[in-house]
Each structure stands twice: as C-alpha cells, then as structure tokens.
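Observations on the three-dimensional arrangement
Read off the chains here:
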Amino acid sequence: MIAYLQGKLAFKDPTYVIIDVHGVGYLVKISLQTYSKIKDEESIRLLTHLHIKEDAHTLFGFREEVERSMFLLLLSINGVGPNTALMVLSSLSTEEIEQAILGGDVGTIQRVKGIGAKTAQRIILELKDKIGKTSTGDSLVPSGFLNSNTKIRQEALQALITLGFTKAAAEKNLAQVLKKTNGEISLEDLIKASLKTP
C-alpha cells in the first residue's frame, strides 16, 4: 500500500493532481476539500489510499489525515464506492459529514449526488458509533474569490462531468449558481454549490 506521495506538483485540477516523484507522474484523484487546501505549491505531500479493482488501480489523495479517515469510513459502507465517497467529501466538509452523522441528518447526506435515502440512512446508522464526539474543526478554505470567467466556468464544468454529471445537467447547475452569486465565486465554491443544486 502507498501511504503517501511526496514530489513536485506537475498538474492540478479540481478532481485530480499529477505528482512527479523522481520522474514518475502519479495521477491522484482528490476531493474539493483537498483541492482547496493545495495552493500553487511546487512541492507537495498527499496522504493516499490505493484502491484496487480487477480493471484498475486508482490512487486517492488527501491533504489531511482526518479526510482520509472519513474516506475509509465511507468506503466501509455497503453500496458506497470510492467515487461516491469522494463525491461526499467534495460536497460536504469533514465537519459537516460528522455533524450530519451524529445528528442523524439524512437530508444533508442525501443531497449528495448518487446518495439515495437508504444509503444515507445506512451511512448514519453504521458510522454513528465510529465518529468521535468531538468536532475536527476541518472545513473548506476559500482560496480567494475570482470573477466568473470562461476559464473558471470551463474548469468547473469539466470537474462536474468527471464527477458523473451529464454536460447538460452540469451547465444548468453552474448557470443557476452563477446567477445567484453574480459570478463572484471561487472555483471550488462554484463546484461545491453546483453539487448541491437540485
């Protein structure tokens, strides 16, 4: 198992990064939580989880241990795969997930794309005892607000498509969010708000 990767940040996208470790480029899938915490650093260190299936070996990366722990807890739930777990971590902060689980808030978890009522109930039921009663204080950090321009909209669109949205649905959600915010929103906040748009 690969516990972490440390190397040069060769490429950064809202859904994945490429880390150059001594000339080998590792593609690592990330959540918006991790994306928001990675600045334009030259050198980067991400905690990782290697998910192995018959047809693919996929690396998932996390800036903080609290997020990786939550990812692994979500993976332990029957019916929650790595992409769904990553979607949950992109839609909600670790603290919001903990509060929803401890408070039995099915609605908050169910708002995440791909999570139905039964899965949301299962997450709460199975993880309630595993989640510590203390808050982690972990939340998304906005990386400065940017004017909505073609580049940001395009990157957000690509991220939503990568996360499983159809192009039409992604464009519709982005349009709704941009209309409400008058375009004054950061890339990660735009994606996060679009994930929560019904």
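Residues numbered from 1 in each chain as written. Predicted model: local features only at pLDDT ≥ 70, side-chain atom pairs only at ≥ 80, totals over all residues. Heavy atoms only, no water.

1. Some remarks on the packing of aromatic side chains
- Applying the stated criterion across every chain, the model contains three aromatic pairs.
- Ring centres of Phe60 and Phe71 lie 5.2 Å apart, and the angle between their planes is 35°; on these two criteria the pair is classed as tilted. In this pair, Phe60 is assigned in strand β5 (residues 57-62) and Phe71 in helix α2 (residues 65-75), connecting sequence segments eleven residues apart.
- By relative accessible area, which is 1% here, Phe60 ends up buried.
- Relative to Phe71, the ring of Phe62 lies with its centre 4.9 Å away and its plane at 50°, an arrangement referred to as tilted.
- If you follow Lys12 out to its NZ or CZ, it ends over the ring of Tyr35, 4.8 Å from the centre.
- Sitting over the ring of Tyr4, Arg45 keeps its end group 3.9 Å from the ring centre. (Phe/Tyr/Trp six-rings, centres within 6.5 Å; stacked < 30°, edge-to-face > 60°. Helix = DSSP H or I, 4+ residues; strand = E, 2+ residues; numbered from the N terminus. Buried < 20%, exposed > 50% of the residue type's maximum accessible area, 1.4 Å probe, protein only. Lys NZ or Arg CZ within 6 Å of the ring centre and 35° of its normal.)

2. Describing the nonpolar core
- Of all hydrophobic cores here, the largest spans 53 residues; its most connected members are Leu74 and Ile123.
- Setting aside residues up to four positions removed in sequence, Leu74 forms contacts with Val80, Ala85, Val88, Leu89, Ile123 and Leu127. (Core = buried A, V, L, I, M, F, W, Y, C linked by side-chain atoms within 4.5 Å. Contact = heavy atoms within 4.5 Å.)

3. Here we look at the environment of Ala3
- Topologically, Ala3 is positioned in the segment before β1 (4-12).
- Taking relative accessible area as the criterion, Ala3 reaches 39% and is therefore assigned partly exposed.
- On a C-alpha basis, the gap between Ala3 and Thr48 in space is 5.3 Å, while along the polypeptide they are 45 residues apart.
- Apart from the residues within four sequence positions on either side, Ala3 is in contact with Leu47, Thr48 and Arg68.

4. Here's the deal with the pattern of salt bridges
- Taken as a whole and assessed by the stated rule, the structure comprises four salt bridges.
- A salt bridge links Lys37 to Glu64; the nearest nitrogen and oxygen atoms lie 3.4 Å apart. Of this pair, Lys37 sits in helix α1 (residues 32-37) while Glu64 sits in the loop between β5 and α2, placing them 27 residues apart in sequence.
- Its relative accessible area of 32% is what places Glu64 among the partly exposed residues.
- With a shortest N-O distance of 2.7 Å, Arg68 and Glu65 are connected by a salt bridge. (Salt bridge = Lys/Arg side-chain N within 4 Å of Asp/Glu carboxyl O.)

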